[in-house]
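Structural overview
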Amino acid sequence: MEKQYILDEIARVAKLDGGKPPGSNRFLTETGIKTTDWHGKYWVRWGDALIEAGFEPNQRTARYEDEGVIAKLVGFIRELGRYPVKGELVMKSRSDQSFPSTGAFRRRGDKSQLRAKVVDYCQRHDGFGDVIRICEAVAEPQNGDTTEPRRNGDSATVLGDVYLIKSGRYFKIGHSNASGRREREIALQLPDKAGIVHVIKTDDPRGIEEYWHRRFAEKRKNGEWFDLDRAELAAFKRRKTM
C-alpha cells in the first residue's frame, strides 16, 4: 500500500469528521487500512502520520495516558493468568487494535518499574488481588533467568539472540546467549551443513523466539524447523533487534 494513498485517506476521513484528524481506530473502521499497513513501514507512531498529513496529532491518539496503558496490561495479565513476555505483548498489540504497542509500555519504565505500576493500579482498584499475586511471583528473576542478572549489586540487562539457522532446505528458529556456539552444536547433529542466516538481538530471547514460532506456525515441519519462503525469510531478516 502506497504512503500517499494513506495520507489521502487521512485527509478524506478528517473531512468527513469536520476537519478533526482521525484516531487510529476510527481510521481503521472507515478505511480498512490496518496498523500493519503503515506501522514500522512509513511511521513509528500514528501521530507522525497525522503530522505528515498536515494535522496536529490528537494527544489521546499519539499516546495513551498512563492509567489506560496500565489498565490494558492488567487485563492482559488476567487473560493469560501470568505475566506476559515481550513476544506476547507484540502479538497482542498486532491482533488487538485497542492494545498499546510495546513502545507505550517501554516509555513507562523497565520491567520492574512497569510491574510496580501494575501493582499500584491494582491496589487502587478493587478486585485485582489475583493480578497482584502474579506480579509478586515474578518480581525477582527466577533461577536460570539471564535476561536481568545481578552484577556487583547492580542490575544489568544482557541481550540474547534469536537465530535463524539453515540446513538443507529447512530453517531452525531458536534462542541462545551464544548463537555461534549453538550453531556449532547443531551442526554436529545434522547430515547437511548448517549455517546462521540471521540473528536478532533481544532482551527477551524466549518470548521473541515464541513470537516467530507462532508467526510461522503453518510452515512448521518438525520441532523448531520450518519450511520458509522468500517473503518469510525477508521478514525475519528485516529485524535487527526486538
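An account of the accompanying structure is given in this report.

**A word on the pattern of salt bridges**
- Under the counting rule described, the total for this entry stands at 17 salt bridges.
- Lysine 34 is the salt-bridge partner of aspartate 37, the closest N and O atoms lying 3.9 Å from each other.
- Between lysine 219 and aspartate 229 there is a salt bridge, with its nearest N and O atoms 3.5 Å apart. Remark: aspartate 229 occurs in the loop between strand 7 (225-226) and helix 12 (230-237) and lysine 219 occurs in the loop between helix 11 (205-215) and strand 6 (220-222); sequence separation between them is 10 residues.

**Digging into the packing of helix 8 (residues 111-124) against helix 9 (residues 129-137)**
- Where helix 8 contacts helix 9, the two axes come as close as 9 Å, and the packing angle between them is 155°. Considering their axes alone, helix 8 and helix 9 lie roughly antiparallel with respect to each other. Pair helix 8 / helix 9 crosses with left-handed handedness. For the pair formed by helix 8 and helix 9, the contact residues are Arg115, Val118, Val119, Cys122 and Gln123 on the first element and Val131, Ile132 and Cys135 on the second.
- Across the contact of helix 8 with helix 9, the residue classes break down as six nonpolar, one polar and one charged.

**Here we look at the nonpolar core**
- Of all hydrophobic cores here, the largest spans 21 residues; its most connected members are Leu73, Val74, Ile77, Val118, Cys122 and Val131.
- Ignoring any residue separated from it by four or fewer positions in sequence, one finds cysteine 122 in contact with Val74, Phe128, Val131 and Ile132.

**Some points on the packing of aromatic side chains**
- This structure, assessed with the given rule, holds nine aromatic pairs.
- Ring centres 5.3 Å apart and planes at 65° place the aromatic pair phenylalanine 76 and phenylalanine 99 in the edge-to-face group. Taken together, the positions of phenylalanine 76 in helix 5 (residues 66-80) and phenylalanine 99 in the loop between helix 6 (86-95) and helix 7 (102-106) put the pair 23 residues apart, joining distant regions of the chain.
- Residue class for phenylalanine 76 comes out buried when judged on its relative accessible area of 5%.
- The exposure class assigned to phenylalanine 99 is buried, which follows from its relative accessible area of 5%.
- Every member of this aromatic cluster is reached through a ring pair, and the members are Tyr211, Trp212, Phe216 and Phe236.
- When the ring centre of tyrosine 83 is taken as origin, the NZ or CZ atom of arginine 115, which lies over that ring, is 5.8 Å away.

**Things to note about the pairing of strand 4 (residues 170-176)**
- Counting buried positions over the seven residues of strand 4 gives five, a clear majority of the element.
- Joining the antiparallel neighbours strand 3 (residues 160-167) and strand 4 is a turn of two residues, in which glycine 168 adopts a positive phi near 65°.

**Here's the deal with the side chain of glutamate 209**
- Within the secondary structure layout, glutamate 209 lies in helix 11.
- No salt bridge is formed by the buried glutamate 209, whose closest oppositely charged neighbour, lysine 172, lies at an N-O distance of 6.6 Å.

**Some words on the environment of glutamate 232**
- If you trace the backbone, glutamate 232 turns up in helix 12.
- Looking at glutamate 232, the relative accessible area reads 17%, which means it is buried.
- Between the C-alpha atom of glutamate 232 and that of arginine 215, which follows or precedes it by 17 residues, the distance is 9.4 Å.
- In terms of polar contacts, glutamate 232 uses its side chain to reach the side chain of lysine 219, at 2.9 Å.

**Quick notes on the packing of helix 5 against helix 8**
- One can describe the packing of helix 5 onto helix 8 by two numbers: an axis separation of 10 Å at closest approach and a directional angle of 90°. When the axis of helix 5 is compared with that of helix 8, the two are roughly perpendicular. Here Asp66, Glu67, Ile70, Ala71, Leu73, Val74 and Ile77 of helix 5 lie close against helix 8, whose contacting residues are Leu114, Lys117, Val118, Tyr121, Cys122 and Arg124.
- When grouped by side-chain class, the residues that make up the contact of helix 5 with helix 8 number nine nonpolar, no polar and four charged.

**Quick word on helix 12**
- Those residues of helix 12 that sit buried are Glu232, Leu233, Ala235 and Phe236. The arc that holds the buried residues of helix 12, viewed along the axis, is 160°, so those residues lie on one side. With respect to the buried face of helix 12, the exposed residues turned more than 90 degrees away are Arg230 and Ala231.
- Measuring from the backbone nitrogen of alanine 231 back to the side-chain oxygen at the start of helix 12 gives 3.2 Å, which picks out aspartate 229 as the cap.

About the cut-offs
- Once a new chain begins, its residue numbering starts again from 1 and follows that chain's sequence as written.
- Local features are withheld for residues below a pLDDT of 70 in this predicted model, meaning they are given only at 70 or higher, and side-chain atom pairs are given and counted only at 80 or more; totals for whole chains, interfaces and linings count all residues.
- Heavy atoms throughout the structure, all of them, feed into the side-chain values; hydrogens and water do not.
- The term salt bridge refers to a pairing of a side-chain nitrogen on Lys or Arg with a carboxyl oxygen on Asp or Glu at a separation within 4 Å.
- In this description a helix means any DSSP run of H or I spanning at least four residues, a strand means any run of E spanning at least two, and both kinds are numbered starting from the N terminus.
- To get an axis, fit a line to the C-alpha atoms, keeping to the stretch in contact for a helix; angles then go from 0 to 180 degrees between the N-to-C directions.
- Geometric relationships in this document are graded by angle, where less than 35 degrees denotes roughly parallel, more than 145 denotes roughly antiparallel, 65 to 115 denotes roughly perpendicular, and other angles denote oblique.
- Helix crossings are classified by the rotation of the near helix relative to the far one: an anticlockwise turn of less than a right angle makes the crossing left-handed, while a clockwise turn makes it right-handed.
- We call two residues in contact when some of their heavy atoms are within 4.5 Å.
- For this scheme, ten residues count as nonpolar: Ala, Val, Leu, Ile, Met, Phe, Trp, Tyr, Cys and Pro. Four count as charged, namely Asp, Glu, Lys and Arg, and the remainder, Gly too, count as polar.
- Working definition of a nonpolar core: buried Ala, Val, Leu, Ile, Met, Phe, Trp, Tyr and Cys residues. They are joined through side-chain atoms within 4.5 Å.
- For each residue, the accessible area found with a 1.4 Å probe, counting protein chains only, is set against the maximum for its type, and the residue is called buried under 20%, exposed over 50%, and partly exposed in between.
- Each Phe, Tyr or Trp ring, with Trp reduced to its six-membered ring, pairs with another whose centre is within 6.5 Å; inter-plane angles below 30 degrees give stacked pairs, above 60 give edge-to-face pairs, and intermediate values give tilted ones.
- Ring-over charges, as used throughout, are those where CZ of Arg or NZ of Lys falls within 6 Å of the ring centre and within 35 degrees of the ring normal.
- Two strands pair under a simple rule: DSSP has to find at least two bridges between them.
- Only four residue types enter the tally: Lys and Arg on the positive side, Asp and Glu on the negative side; His and the chain ends are excluded.
- We define a polar contact as two N or O atoms separated by no more than 3.5 Å, with the added condition that, inside protein, one atom must be a possible hydrogen donor and the other a possible acceptor, whereas residues neighbouring each other in sequence contribute only through side-chain atom pairs.
- The directions considered for the arc run from the helix axis to the C-beta atoms.

On their own, these measurements won't tell you what the molecule is for.
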